[in-house]
Amino acid sequence: RVLLIEDDTDIGEAIIRFQPGPVFSGLTNDYWAPTNWIALDNSDIDLGGSGALLVDVPGATPSQLVVSLGKDGNAYLLNRTNLGGVSAPLAQAHVSGSQIIQAAATYRTALGTYVVFRASTSQLSAFRILPASPPTIMTAWTVSQPGRGSPFVTSTDGTNDMIVWVVGSDSGGDHQLHGYDGDTGAVIYAGGGANELMSGTRRFNTGIAARGRIYVANDNRVYAFTVPVAPILLSDPKLETGGAFGFSFTNVPGMSFSAYGATNLSEPFSNWSLIGIVTDSPPGQFQFIDAQPATNPQQFYRVRTP
């Protein structure tokens, strides 16, 4: 599925679904455009400023949806199994007084299913999709956040501790990373201090989260952010069945740790061997088992991040 401009057909400015191949069937099940698409196209307030999102909303009828955000400031909900051709959407709401041109993100918490997007050069907004028949749109929160960065979302386990991140990029922003509570929009991280300023930030760009860090790629450099790591105190050492050795510790949920081993504690760390990745299960409870412990009478372990 893509946003496709086909101005020589009756499906200009449409959401298109491709079958394997890729093949476009031309059937109304496989495309959608608003009934006023010609007027939107002529005024350059069409759907082409944001990519479509695939969203599942448990309890809604239908529950498999496509969310489209238009430069007309509207959010549209579509039935993913039958897009409907040139027709009215399942639901729509005017969610921004400015043109929406960015990459949106979707996430689900215990309170519901959300879409977060850059509402303007000075605001970040989120709306909830309510599980009705048909589903409806309700504004969740809006925060003042200058810049043109597109949002991205992290969590500790896919549902809990949802944080919306965005960079105050381009000439109107503060060139810092910001984090907001996914349910309320409350500030989680306000950008830090002078040492957290980034240069060369670009509009529409997003960061990524990997191995407990956030990475932001700008002109000629990549910035990495991490949370302060609490002291690592290894605990609960034990011999597993078969002679494998294991230990555990608590720390910040979602962090990434690696286990290293050596038979001589005085060896420089560069000579220690990487044994494996420490698992985070349940969140914040880190556990490691050395399935093949050294045959030497003594073996030392260290843990570091990442």
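To be clear, the structure that these remarks concern was listed above.
Remember, it's a predicted structure, so these values are computed and weren't measured experimentally.

An account of the environment of serine 98 is requested, with residue identities and associated values reported.
Here serine 98 is to be found in the loop between strand 8 (91–94) and strand 9 (105–109). Looking at serine 98, the relative accessible area reads 33%, which means it is partly exposed. Sequence separation of serine 98 and glycine 84 is 14 residues, and the distance between their C-alpha atoms is 27 Å. The contacts of serine 98, once residues within four sequence positions are left out, are Lys71, Gly73, Ala119 and Ser120.

If you had to explain the sheet that holds strand 19 (residues 221–226) to someone new, which residues and values would you point to?
Hydrogen bonding along the main chain pairs the strands of a sheet, whether they run parallel or antiparallel. A sheet is described by the order of its strands in space; here 3 strands give the open sequence 17-18-19, paired in antiparallel fashion. Only two strands of the sheet have a single partner each, and these edge strands are strand 17 (208–210) and strand 19. Pairs of neighbouring strands in the sheet enclose a mean axial angle of 30 degrees, with direction left out of account. Pairing between strand 18 (residues 213–218) and strand 19: 6 bridges, direction antiparallel. The residue bridging asparagine 218 from the neighbouring strand is arginine 221, located in strand 19.

Tell me about the sheet that holds strand 24 (residues 285–290), and name the residues and values.
Strand order in the open sheet formed by 6 strands is 20-21-24-23-22-25, with antiparallel pairing between adjacent strands. Single-partner strands in this sheet number two, and they are strand 20 (235–239) and strand 25 (300–304). Each neighbouring strand pair of the sheet contributes to a mean axis angle of 25 degrees, computed without reference to strand direction. Pairing analysis gives 3 bridges linking strand 20 to strand 21 (residues 245–250), with the strands arranged antiparallel. If you follow leucine 239 over to strand 21, its bridge partner there is phenylalanine 245.

Reading guide: rules and limits
Residues numbered from 1 in each chain as written. Predicted model: local features only at pLDDT ≥ 70, side-chain atom pairs only at ≥ 80, totals over all residues. Heavy atoms only, no water. Helix = DSSP H or I, 4+ residues; strand = E, 2+ residues; numbered from the N terminus. Buried < 20%, exposed > 50% of the residue type's maximum accessible area, 1.4 Å probe, protein only. Contact = heavy atoms within 4.5 Å. Pairing = 2+ DSSP bridges. Axes fitted to C-alpha atoms, helices over the stretch in contact; angles between N-to-C directions.

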